[in-house]
Amino acid sequence: MKKPLRLLLLALGVAVVLVLIAGGLALHSGVQTWAARRALAAQPGMKARLGQLSAGFRTVELADLHFEQDGATITLPSLRAELSVVDAGLNQKVRVRRLVARGWTLDLSRYATGVPIRRTVLTPPPGGRAREFSFLPSAYAAAATPGAAATAVARVFEGVFAGTVLPMELTLDGVELEGDVILPPASGATGRAHITITGGGFAAGREGALDVAVTVALTGADLPVNAVTIRSRLTAAMDTPRTFTRLAAKSEAAATGPQFPRGVRLAAESIAARDAAGENYALNLSGDGRPLVAVRATWPKASRRLDGTWKLDLADADLAPFALGVALPIFTATGAGRFDSDPMTGETRAAGKLDATADKLAALRPELAAVGAVKLAAEFDLARRGDVTRVERLALALAGAQPVLRAESLQPFALNARTGALDAADPARPLLALTLEDVPLAWAGPWLGDLAVSGGGLRGELVATAHAGGVTLRPKRPLTAGGVALTQSGRSVLHAVEVALAVAADYTPQGWQVELAPLTLTSAGKNLISLDARAGRLAGRDQPLKATGKFFAHVPAVLAQPLAGGASGLTRGELAGSFVATLDAQDDVEASFALTDLAADPKLPAAEWPTLNASVRATFAPKGGPISLRVPLLLERGGRKSDLIVTGTVLSTAGVTNLNAQLAGNLLVVEDALPLLAFASNAPPTTDAKSSLATAPAAPATLPPWAGWSGQISFALKKILYADAFAASDVSGALRLDAGVVQLERVRAGLGDGGEAKVSGRLGFDAKSPAPFTWAADLAISEFNPASLFRALNPGRPPTVEGRFAVASKLAGQSPTLAELAATARGDFQLTSKGGVFRGLPVGVASKVESVGKLAAGAAKVGSLISAVTGKKETAIANRAQAVAEISQLFSPIAYDQLSVVLGRDAALNTVVKDFTLIAPEVRLSGGGEVAHRPGTKLLAQALAMEFTLRARGHTAELLKYLDRLDAAPDELGYAACTLPLRIGGTLDQPDASEIARALTALAVEKSGATELFNKLIGGGK
């Protein structure tokens, strides 16, 4: 028995020792510091450092505490609190005999203000149903449950002192706190506040007090105030260690600075007192003895109903000296009213009148700078219970230099913020009238980015009516604005436009819808644009926004606006279309339009203009994904149709837009598209198939049109038709954008019967060059007959050349604009053909030569008879006229066996014929020349100068020899040189061979045809 007892005593002894050891360790400063450091390190988002913690039974001391959170930093060299730790921890009694902390610093200079605010969402208790709303003062006809009224009162207001019950007993005998606060910079000012807090005496049955002194010093340029002092006395009377019967604060603040050398004073006093009858509250704010804000309220315990009044007479000048460098708008506000809460309904109510003025609103938000000085007059009577707000009376009037808008309730109504339901006392009567008297359009400018709008004020009137648990907004008078002008980055877009808008809106708990019916823009009495559209969304999470509409535009009037350059050349034209959009996680937009009834100014070339029909289908992938596009186009003109379709994707990432698209079509008629392409490039409209799209010189670009783009456009067109005569088939290839360079790759086209063209090239941009656009291209053509191209260029003339050619070319160019690229082409073309017809020497002789030639032919027959009788031999050539006539017929056309041409374009952009060689059975033609470049003139109208050398044999040589225009010595192939000058002038479109014709005509009439005939008859002559 003794042994177990000894063991038990030993165990108890060990336990006591362990407890004592643990207690000793717990009271050890090192252990306490380690535990505190671990606790601080576990706090998320906080950087903390602790030098030492020492907590005894009656004293707690901290040394070298530093922690940082959200950019705010606290440095506390030391803190000493004399209190019973045991009572605080075990008995919930905090008895602070003395609290001392000096030399601490709170640094807010880098404090992050964007800390998210936690919001509490109140939901109705489960199992209950919505109660019927009543416009009686009780707000609800009846409570759903007997205890509902009491619950509502608790939610509305329970008195100030209900929220001041302490979680533990408190006694505070003495406080000594002193430190500095480094203020965040505001409006270029920096500041530092020195704070001291002393006092004590807080205990049950006593009234304690704290004296607070704050001295703020501000530094910065042009500050109106550089020093602020605040002295406050905070008192609190306690009836128990956990509750208060009176709370009061009395403060006086003074500000001095360059603009206030005598100082500005502000006084505030607030009192909350509790007695057996209830609670009483008062708040007074005054400046230099003038009342600014006065609030009075009572909360009797018997009725538990809060009743109060408020009065306001405040201006920015009263508060600005104490704003510590924060800019305030200029304002005045005067008003008075009352407020109350009803414990039976749980309803709070506020009513009153307020008159205010404001200016310099950019202090609140930069975009408000355009608003300027405004005045507001308001009268209101509002009530709220739970989620329901009731409007008994509401009248607002806003004015600037003149009245801007008015809003007035026409009957009481209520809105449930949770369900969105709206109820009215009389659903047949309007709820609210909104009158826009003169809303300045300039107010909207800062919210439109680089757009600026100006013009007359917006006027109109709208009326709201209750409908289906919601509200309907209808125009009583359409919204209008006159003389509207729109600019973008200083460039005019619209000018002198009249705007009229009939807007309607519907809102119900099931969703909302807005309708424009219509929006019209007119200028100088002509309709520019009209739009009928509606957009809406059903209530509920993840419901898509849907929009639909139709539009119409009078094209000449729109193109006459600055946006389109101010001049169009069109006298008629309509653009009409429609659209449907669904905006959801994946947005879908579909639109179709038709461009019809186009007609040009009679001064411009008369032609039938095309009609364009197009549709667009765009799908936007979620989270910034690619946009998928499908765009069919149909161009109609003169009974024929050009059809194209563009499909592909567009993706924008890191400021670069990647395009991957395909262009396909069955037929494209080039001249049908030329007028629309001319307008799209802002060039003068033309329908001449032979014209180049030359434009007026423009300033060098600083960025290419494809800047910020990359990707590829591949194309496959079955047929391209030019001037109803020249066709290219199975045209395919790709246009690739990479590293700022546009490359044309794998381009192939079939030309006529068996012909083929292959093209490759590149287009670059050098911003440092005055002519930044540079390009180079390679062209290879085989088995190409240019006859159809010549017919297309000049339908009224036979083709200059017919035959199958092989073409090889390397071209390059540099120009200040894209429109001038083709005109700057330099390089060589080499053309070769193995047989065909050449009509490049269109020689015609005078009619008298042809007549003499006919006479000579008749004489030749007579001469043959005479020769038969006399036995003399007659020559084959009757006379010179016959020879000339035959030569002129031989020159055009020339059936050749071989033709080779080398063309080049020099630095002056002249087209040079470097080598021309034609070989025919009786003729060899060689030569060269140039087409002189003239800026602004189409290629076929530029001056032509060519000179040829002719060598002949056979009958052609005999004719030239008869005319004494052939060298005596032939070459090894039997060709002899012709001494006749062969020079061609005029233009490519109209070659001029008149010099050759005059020379031949002169040869024909050197001797009289009658004399030769007489000589023949008598046997003389040749």
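In case you missed it, the structure is sitting above this.
Residues numbered from 1 in each chain as written. Predicted model: local features only at pLDDT ≥ 70, side-chain atom pairs only at ≥ 80, totals over all residues. Heavy atoms only, no water.

> Mind laying out the overall build of the protein chain, listing which residues take part and the relevant values?
A tally of regular secondary structure across the protein chain gives 13 helices and 50 strands. Within the protein chain, buried positions represent 35% of all 1022 residues. If you take every contact in the protein chain between residues at least 6 apart in sequence, the share linking residues at least 24 apart comes to 51%. (Helix = DSSP H or I, 4+ residues; strand = E, 2+ residues; numbered from the N terminus. Buried < 20%, exposed > 50% of the residue type's maximum accessible area, 1.4 Å probe, protein only. Contact = heavy atoms within 4.5 Å.)

> Lay out the environment of Ile720 in plain terms, naming residues and giving numbers.
Along the polypeptide, Ile720 turns up in strand β36 (residues 709–722). Sequence separation of Ile720 and Gly750 is 30 residues, and the distance between their C-alpha atoms is 9.9 Å. If we ignore the near neighbours within four places in the chain, the residues touching Ile720 are Leu668, Val670, Phe726, Ala727, Ala728 and Val731.

> Which residues make up the pattern of salt bridges, and what are the values?
Summed over all chains, the structure comprises 43 salt bridges. We note a salt bridge from Arg474 to Asp506, for which the minimum N-O separation is 3.1 Å. Of the two residues, Arg474 sits in strand β25 (residues 470–488) while Asp506 sits in strand β26 (residues 491–508), which places them 32 residues apart along the sequence. One salt bridge connects Asp738 with Arg736, and the closest N-O pair in it is separated by 3.4 Å. One connected set of salt bridges, linked through shared partners, spans Arg305, Asp307, Arg338, Asp340 and Asp342. (Salt bridge = Lys/Arg side-chain N within 4 Å of Asp/Glu carboxyl O.)

> Could you give an account of the environment of Leu501, with specific residues and numbers?
Within the element layout of this structure, Leu501 appears in strand β26. Taking the relative accessible area as the measure of exposure, Leu501 reaches 19% and is therefore buried. Leu501 sits 23 residues away from Pro478 along the chain, and the two C-alpha atoms are 5.6 Å apart. If near-sequence neighbours (up to four positions away) are discounted, Leu501 is found in contact with Pro478, Leu479, Leu516, Pro518 and Leu519.

> So, the nonpolar core: which residues are in play, and what are the values?
Counting residues in hydrophobic clusters, the biggest one holds 72 residues, and the most contacted among them are Phe838, Leu841, Phe916, Leu918, Leu925 and Ile996. Each residue touching Leu841, except ones within four places of it in the same chain, is listed here: Phe891, Ser892, Ile894, Leu925, Phe948, Ile984 and Ile996. Val96, Leu183, Ala193 and Ala255 belong to the second-largest nonpolar core, a separate cluster that totals 48 residues. (Core = buried A, V, L, I, M, F, W, Y, C linked by side-chain atoms within 4.5 Å.)

> Break down helix α10 (residues 880–891) for me, citing the residues and quoting the values.
In a regular helix each residue adds 1.5 Å, so 12 residues correspond to 16 Å; α10 covers 16 Å between its end C-alpha atoms and thus fits that length. Across the 12 residues that make up α10, a large majority, nine, are buried. (Expected span 1.5 Å × (residues − 1).)

> I'd like a rundown of the side chain of Asp438, residues and numbers included.
With respect to the helices and strands, Asp438 occurs in strand β22 (residues 430–439). Engagement of the side chain of Asp438 in a polar contact is seen with the backbone nitrogen of Gly457, the distance being 3.4 Å. Of note is the side chain of Asp438, whose polar atom sits 3.4 Å from the side chain of Arg459. In this view, Asp438 contacts Gln402, Pro403, Val404, Gly457, Leu458 and Arg459; residues no more than four positions away in its chain are not counted. (Polar contact = N/O pair within 3.5 Å; in protein donor to acceptor, adjacent residues only side chain to side chain.)

> Residue-level account of unusual backbone geometry, with values.
Excluding glycine, most residues fall at negative phi; most peptide bonds, likewise, are trans. Along the chain, Ala517 connects to Pro518 via a cis peptide bond; the corresponding omega equals -10°. Among the structural elements, Pro518 can be located in strand β27 (residues 511–523). With a phi angle near 55°, Lys360 is a residue other than glycine that sits in the positive phi range. Within the secondary structure, Lys360 sits in the loop between β16 (347–359) and β17 (374–385). Its identity is not glycine, yet Glu783 carries a phi of approximately 50°, on the positive side. By the element assignment, Glu783 lies in strand β40 (residues 773–784).

> An account of the packing of aromatic side chains is needed here, citing residue identities and associated values.
Tallied over the entire structure, the rule returns five aromatic pairs. Seen in terms of ring centroids, Phe838 and Phe916 are 5.2 Å apart; in terms of plane orientation they differ by 50°. Their pairing is tilted. Placement of Phe838 in strand β42 (residues 826–838) and of Phe916 in strand β45 (residues 911–919) is noted, with a sequence separation of 78 residues between them. For Phe838, a relative accessible area of 5% puts it in the buried group. Among the aromatic residues, those joined into a ring-pair cluster are Trp706, Phe765 and Phe773. (Phe/Tyr/Trp six-rings, centres within 6.5 Å; stacked < 30°, edge-to-face > 60°.)

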